[in-house]
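Below, each chain spelled out in residue letters.
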Amino acid sequence: MNTIKDQDLSKNQQLLRNIVLHAVDQANFTIRNLAKRPTVVMLMECENCLADFMPVIKFIAADHIEYVPIYDQMAMALDAAQIHGEPELIDLDSGAA
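Since we're looking at a predicted model, the values are computed, not measured.

Visitor: Explain the overall build of the protein chain here, please?
Guide: Scanning the protein chain from terminus to terminus reveals 3 helices and 0 strands. Mapped in sequence order, the helices and strands of the protein chain form the string α-α-α. Here the protein chain holds 97 residues, and 33% of them are scored as buried. As displayed, the protein chain has an accessible area near 6,600 Å², and 57% of this comes from carbon and sulfur atoms.

In structure tokens:
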């Protein structure tokens with residue numbers, strides 16, 4: 001029974017990682033687009049993307065501390081977008097690898 005339980009844990013961890021990777025990819029995509037076309041519409045799209053994915057990352061980071069730096073970076077990017085600054089790309093290397 002332990003082997004099956006361990007395999008499920010590994011699958012769950014891979015699923016969580018894939019969710020985080022997808023969220024970071026989408027956030028970075030909108031941040032890059034905002035840098036290319038700094039319009040109000042792109043700014044709103046960037047804010048919306050970050051605001052949509054942050055609760056998911058926060059939920060994951062609550063149980064998996066290795067994802068906390070990614071949540072923190074998303075929060076800083078959202079803060080920058082909300083004050084019409086230049087949000088920085090989310091760096092996966094500072095979080096879980």
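Visitor: Just checking my understanding: could you explain the environment of leucine 92 for this structure?
Guide: Following the sequence through the fold, leucine 92 ends up in the segment after α3 (68–82). Distance in space between the C-alpha atoms of leucine 92 and isoleucine 70 is 6.8 Å, their sequence separation being 22 residues. Leucine 92 has contacts with Leu21, Val24 and Ile70, leaving out every residue within four places of it along the chain.

Visitor: Would you mind showing me how to read the nonpolar core here?
Guide: Side chains of a nonpolar character, in soluble globular proteins, are inclined to be buried together. Among the nonpolar cores identified, the biggest contains 24 residues, and Val20, Leu50, Ile57, Tyr67, Ile70, Met74 and Ile90 are the most heavily contacted of them. Ranked by residues supplied to this core, first place goes to helix α2 (residues 40–63) with 10 residues. Once residues within four sequence positions are removed from consideration, methionine 74 is found in contact with Ala23, Ala27, Leu50, Phe53, Met54, Ile57 and Ile90.

Visitor: What exactly am I supposed to notice about the state of the cysteines here?
Guide: Each disulfide is one covalent bond, formed between the sulfur atoms of two cysteines. Counting across every chain of the model gives 0 disulfides. Cysteine cysteine 46 remains unbridged, with the sulfur of cysteine 49 as its closest cysteine sulfur at 6.9 Å. Accessibility expressed as a relative area gives 0% for cysteine 46, which makes it buried.

Visitor: Would you take a moment to explain unusual backbone geometry for this structure?
Guide: Not every positive phi belongs to a glycine, and histidine 84 is a case in point at roughly 60 degrees. Residue placement: histidine 84 occurs in the segment after α3.

Visitor: Whenever I open this one, α2 confuses me. Can you help?
Guide: In an α-helix, one turn spans 3.6 residues, which is why side chains three or four residues apart end up on the same side. A rise of 1.5 Å per residue sets the reference length of α2, with its 24 residues, at 34 Å; its end C-alpha atoms lie 36 Å apart and thus fit the reference within 8%. Its axis deflected by about 30 degrees at methionine 54, α2 carries its strongest bend there, up to four residues before the proline proline 55. Taken as a whole, α2 has its buried residues at Met42, Leu43, Cys46, Cys49, Leu50, Phe53, Met54, Ile57, Ile60 and Ala61.

Here is what the cut-offs are and how they apply
Residues numbered from 1 in each chain as written. Predicted model: local features only at pLDDT ≥ 70, side-chain atom pairs only at ≥ 80, totals over all residues. Heavy atoms only, no water. Helix = DSSP H or I, 4+ residues; strand = E, 2+ residues; numbered from the N terminus. Buried < 20%, exposed > 50% of the residue type's maximum accessible area, 1.4 Å probe, protein only. Areas by Shrake-Rupley, 256 points an atom, 1.4 Å probe, with all protein chains shown as cover. Contact = heavy atoms within 4.5 Å. Core = buried A, V, L, I, M, F, W, Y, C linked by side-chain atoms within 4.5 Å. Disulfide = S-S within 2.5 Å. Expected span 1.5 Å × (residues − 1). Bend = angle between axes of the 7 residues up to and from the residue.

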